[in-house]
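Geometric and topological summary
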Amino acid sequence: MEFTDKPKEIIANINRKPQELKINKTYFYEMPNGRIEAVEAREAWELYKKGYKQYGVSDGSKYALAIRESNEIFKLQGIEMAQERLRKGYEEEMEVAKGNYEVPPKNDVFGNGSAEFSQMISKFK
């Protein structure tokens, strides 16, 4: 085995995984350190149960648009400009979410029939 001090070349690629490019509802919660974090429904439910303060909820469309635009920017202008577009998209998503409060879906029940079970339980509350 050879060890060298030569740095490896960094190769940047565009993410094309469909599950990561899917538009999801995004929940924003304020953490104890004051930072606002974007989370998906399952994690949002856990934060909701623990009593964290919700900043807002958005549909995820602004950030999805930023992802598509950053792919084009990456091809034409490079990774730094693409990253800047993603940061701006995150901030746009937070602005849309601000003040839109919504209880996240209850994710304590898993498996086949969990949606039907959750609906049945909610009738008795």
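Residues numbered from 1 in each chain as written. Predicted model: local features only at pLDDT ≥ 70, side-chain atom pairs only at ≥ 80, totals over all residues. Heavy atoms only, no water.

Observations regarding the overall build of the protein chain
Stated precisely, the cut-off is as follows: A run of DSSP states H or I qualifies as a helix once it reaches four residues; a run of E qualifies as a strand once it reaches two. Both are numbered from the N-terminal end. Note on classification: 1.4 Å probe, protein chains only; a residue is buried when its accessible area is under 20% of the maximum for its type, exposed when over 50%, partly exposed between these limits. It only takes one pair of heavy atoms within 4.5 Å for two residues to be counted as in contact. The accessible surface values rely on the Shrake-Rupley method and a 1.4 Å probe; as for residues, cover is taken only from the protein chains in view.
When helices and strands are tallied, the protein chain shows 5 helices and 3 strands. Taken over 125 residues, the protein chain has a buried fraction of 26%. For the protein chain, the share of sequence-separated contacts (at least 6 apart) that also reach a separation of at least 24 residues comes to 64%. As displayed, the protein chain has an accessible area near 9,800 Å², and 53% of this comes from carbon and sulfur atoms.

Examining the nonpolar core
Inclusion rule: For the purposes of this section, nonpolar cores are sets of buried Ala, Val, Leu, Ile, Met, Phe, Trp, Tyr and Cys residues that join through side-chain atoms within 4.5 Å.
With 7 residues, the main nonpolar core is built from Tyr27, Tyr29, Met31, Val39, Ala44, Leu47 and Val57. The set of elements that each furnish at least two residues to this core consists of strand S1 (26-30) and helix H2 (41-50). Contacts of Tyr29, omitting those with residues within four sequence positions, involve Arg35, Ile36, Glu37, Val39, Ala44, Leu47, Tyr48, Tyr52, Lys53, Gln54, Tyr55 and Pro104. Counting 5 residues, the second largest nonpolar core, distinct from the first, contains Phe28, Ile36, Met94 and Ala97.

Some remarks on the packing of aromatic side chains
The condition is simple: Planes of paired rings set the category: under 30 degrees apart is stacked, over 60 is edge-to-face and the rest tilted, where pairs are Phe, Tyr or Trp rings (Trp by its six-membered ring) whose centres lie within 6.5 Å.
In total, this model carries 2 aromatic pairs according to the counting rule given. Measuring from ring centre to ring centre gives 5.9 Å for Phe28 and Tyr90, while their planes differ by 65 degrees; the resulting arrangement is edge-to-face. Of the two residues, Phe28 is situated in strand S1 and Tyr90 in helix H4 (residues 79-97); the sequence distance between them amounts to 62 residues. A relative accessible area of 1% places Phe28 in the buried class. Using a relative accessible area of 28% as the deciding quantity, one classes Tyr90 as partly exposed.

Concerning the packing of helix H3 (residues 61-77) against H4
Two quantities define a packed helix pair, namely the angle between the helix axes and the distance between the axes. As a reminder of what qualifies: Axis lines are fitted to C-alpha atoms, over the contacting stretch for helices. Their N-to-C directions set the angle, which ranges from 0 to 180 degrees. Angles below 35 degrees are treated as roughly parallel, those above 145 as roughly antiparallel, those between 65 and 115 as roughly perpendicular, and all remaining angles as oblique. Lys, Arg, Asp and Glu make up the charged group, whereas Ala, Val, Leu, Ile, Met, Phe, Trp, Tyr, Cys and Pro make up the nonpolar group; the residues left over, Gly among them, are polar.
Two elements in contact, H3 and H4, have axes whose closest approach is 8 Å; the angle formed by their N-to-C orientations is 170 degrees. When the axis of H3 is compared with that of H4, the two are roughly antiparallel. For the pair H3 and H4, the contacting residues are Ser61, Lys62, Tyr63, Leu65, Ala66, Ile67, Glu69, Ser70, Ile73, Phe74 and Gln77 in the first and Ile79, Met81, Ala82, Arg85, Leu86, Gly89, Tyr90, Glu92, Glu93 and Val96 in the second. Taken together, the residues of the contact of H3 with H4 break down into 12 nonpolar, 4 polar and 5 charged.

Re the pairing of strand S3 (residues 53-58)
Let me state the cut-off plainly: Between any two strands, at least two bridges found by DSSP are needed for them to pair.
Burial runs high along S3: 5 of the 6 residues are buried. In this sheet, S3 lies alongside S1 in antiparallel orientation, the contact comprising 5 bridges. Opposite Glu30, over in S3, you have Lys53 as the bridge partner.

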